[in-house]
Amino acid sequence: MPFRALALPCLIFAAQSQISAAQTAPNKVVAQSSSNAAGLSYADIADLSDASPLVAQARIGNIIKLKPEQAGSVPAGHQRVYVEANIVSLIRGEGGISPTVTYLYDAPIDARGKIPRLKKMPVILFARPGARPGEIQLVARDAQIAASPAELERVKAILSELVAADAPPRIIGLGDAFHVAGTVAGEGETQVFLRTENGAPVSLSILRRPGQDPRWAVALGEIVDEAARPPAPGSLLWYRLACGLPEALPARSVRALSPQDAEAARADYQVVLHALGPCGRTRSGR
C-alpha cells in the first residue's frame, strides 16, 4: 500500500500525540532548519543529546504536508510535515529502533513560502519512542539536524561522555558556601558545594594568594585533592557547570558566613563563572 494511503489516517492522531508532547517538554524550542545545524554549539548538541533516549542517523524518505486542521499549533514561518525516514544507524537507544520511523517535523518556510528539500536528506534525530511501533517523537522542534560526518562524530563523542560510568551529574543548584580568610591580606579559600540531580558530591574550590591570580578547581567526590583541576572547555563537565550554575551565590548559600566572608565567597564564585565563560547556547525559544 502506498505511503500516503497508510499515513493519512494517522495524521490527526500523530499531530495530537507527538507534537503536544514536544511542546510541553522542558526547554521548549522553536524549529530551525536542518541546514542551520552547522551553527549549533557544543551546549546545543549536549542539550539535545542529554534529553534524548533515542538518537539515530537516518535518511528522510517520504514527506506529507499536514493541513492546518490536522497540524494543530505551528510556529509562524513553519510548515508541519509528517516524515517517514529510514534508519541508517542507531547511535543511542537501549530498546532498539524500527528500520523505518515516522514523526512530525516543523520545517521552516523560505521567502517564497517553500520548505527546504528534505527528501533523501541525511539527518540525526534526537527523539523518544512514540505511542506505537515505528513512531518516534522529536524531543524538540529543532531536534532534526543535518548529518554531516563532523556532526556525527561530535554527537557520538558527547553521547559517549554522557553514558560513561564517571559522567558528571546534572547541576540543579548551589548548596552551602564556606570561606576561610588567610593570615595575610589577600589570602583566602572558598569552597562551594553544588546540588546535583543524583545526589553525587560536586564542589568548587577557589584559592587566593597575595600577588597571584586566583586558582580554582572542581572536585567530583567528597575530598578535594591536588588532582582537582578546572574542566577542559568543551567537555561534559564544563557544560554541566557553564550551563548549570546560577549567575550569583544565593543568600541561603552564605547565610552562615559573616558579611566579610560572604562577600569574599561571592567574589570567588564570580572567578569561577568568568573562567568558565558563557554556556554558548544558540537555539532560540529556550
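It should be noted that the structure appears before, not after, this text.
Residues numbered from 1 in each chain as written. Predicted model: local features only at pLDDT ≥ 70, side-chain atom pairs only at ≥ 80, totals over all residues. Heavy atoms only, no water.

Counting secondary structure elements, the protein chain contains seven helices and ten strands. Within the protein chain, the fraction of its 286 residues that count as buried is 46%. The contacts of the protein chain with a sequence gap of at least 6 include a subset with a gap of at least 24, amounting to 64%. Total accessible area computed for the protein chain in this model is approximately 14400 Å², and 54% of it derives from carbon and sulfur atoms. (Helix = DSSP H or I, 4+ residues; strand = E, 2+ residues; numbered from the N terminus. Buried < 20%, exposed > 50% of the residue type's maximum accessible area, 1.4 Å probe, protein only. Contact = heavy atoms within 4.5 Å. Areas by Shrake-Rupley, 256 points an atom, 1.4 Å probe, with all protein chains shown as cover.)

In a structure, side chains of opposite charge can pair up when their charged atoms sit close to one another. Under the definition given, this model contains 14 salt bridges. Residue E135 is joined to R132 by a salt bridge in which the shortest nitrogen-to-oxygen separation is 2.8 Å. Given the relative accessible area of 6%, E135 is considered buried. A single network of salt bridges, built from pairs that share partners, joins D50, R170, E197 and R240. (Salt bridge = Lys/Arg side-chain N within 4 Å of Asp/Glu carboxyl O.)

This part takes up the sheet that holds strand β8 (residues 188-196). What the four strands build is an open sheet, ordered β7-β8-β9-β10; its pairing is antiparallel. In the strand order of this sheet, the two ends are held by β7 (171-181) and β10 (215-219), each with one partner. Taking the axes of each pair of neighbouring strands and ignoring which way they run, one obtains an average angle of 15° across the sheet. Alignment of β7 against β8, held across eight bridges, turns out to be antiparallel. In the strand pairing of β8, F178 is matched with Q191. Where helix α7 (residues 259-276) meets the sheet, its contacts fall on β7, β8, β9 (202-208) and β10, and the angle it forms with β9 comes to roughly 105°. (Pairing = 2+ DSSP bridges. Axes fitted to C-alpha atoms, helices over the stretch in contact; angles between N-to-C directions.)

This part is about the side chain of E135. Inspection of the secondary structure puts E135 in the loop between β4 (122-129) and β5 (136-138). Of note is the side chain of E135, whose polar atom sits 2.8 Å from the side chain of R132. (Polar contact = N/O pair within 3.5 Å; in protein donor to acceptor, adjacent residues only side chain to side chain.)

On to unusual backbone geometry. One non-glycine residue with positive phi stands out, namely K120, at about 75°. For K120, a relative accessible area of 60% translates into the label exposed.

The subject of this paragraph is helix α3 (residues 42-50). Owing to its 3.6 residues per turn, the α-helix aligns residues three or four sequence positions apart on the same side. The buried fraction of α3 is high, at nine of nine residues. The set of residues buried in α3 consists of Y42, A43, D44, I45, A46, D47, L48, S49 and D50. Turning to α3, the residues buried within the fold contact β2 (78-92), β4, β6 (144-146), α5 (149-163) and α6 (236-244).

Its 18 residues give α7 an end-to-end C-alpha distance of 26 Å, which sits within 8% of 26 Å, the value for a rise of 1.5 Å per residue. Those residues of α7 hidden inside the fold are in contact with β7, β8, β9, β10 and α6. Positive phi appears at G277, one or two residues downstream of α7, with a value of about 80°. (Expected span 1.5 Å × (residues − 1).)

Here the structure, examined in full by the defined rule, presents three aromatic pairs. Grouped by ring-pair contacts, the aromatic residues Y42, W238 and Y239 constitute a single cluster. (Phe/Tyr/Trp six-rings, centres within 6.5 Å; stacked < 30°, edge-to-face > 60°.)

It is worth spelling out the packing of α3 against α5 at this point. In the contact formed by α3 and α5, the axes pass within 10 Å of each other and the chain directions differ by 60°. Classified by the angle between their axes, α3 and α5 sit oblique to one another. In this structure, α3 meets α5 at a crossing whose hand is right-handed. Every residue of α5 that contacts α3 at Y42, I45, A46, S49 and D50 is listed here: E151, R154, V155, I158, L159, E161 and L162. (Parallel < 35°, antiparallel > 145°, perpendicular 65-115°, else oblique. Left-handed = near helix turned anticlockwise from the far one by under 90°.)

Core analysis: the biggest nonpolar cluster contains 65 residues, and Y103, F126, L194, L204, L241 and L245 have the highest contact counts within it. At seven residues, the largest contribution of residues to this core is made by α6. Dropping the residues within four chain positions of it, L245 is found in contact with I171, L174, L194, L204, R240, Y269, V272, L273 and L276. (Core = buried A, V, L, I, M, F, W, Y, C linked by side-chain atoms within 4.5 Å.)

As far as function goes, none of this settles anything; it's purely spatial.
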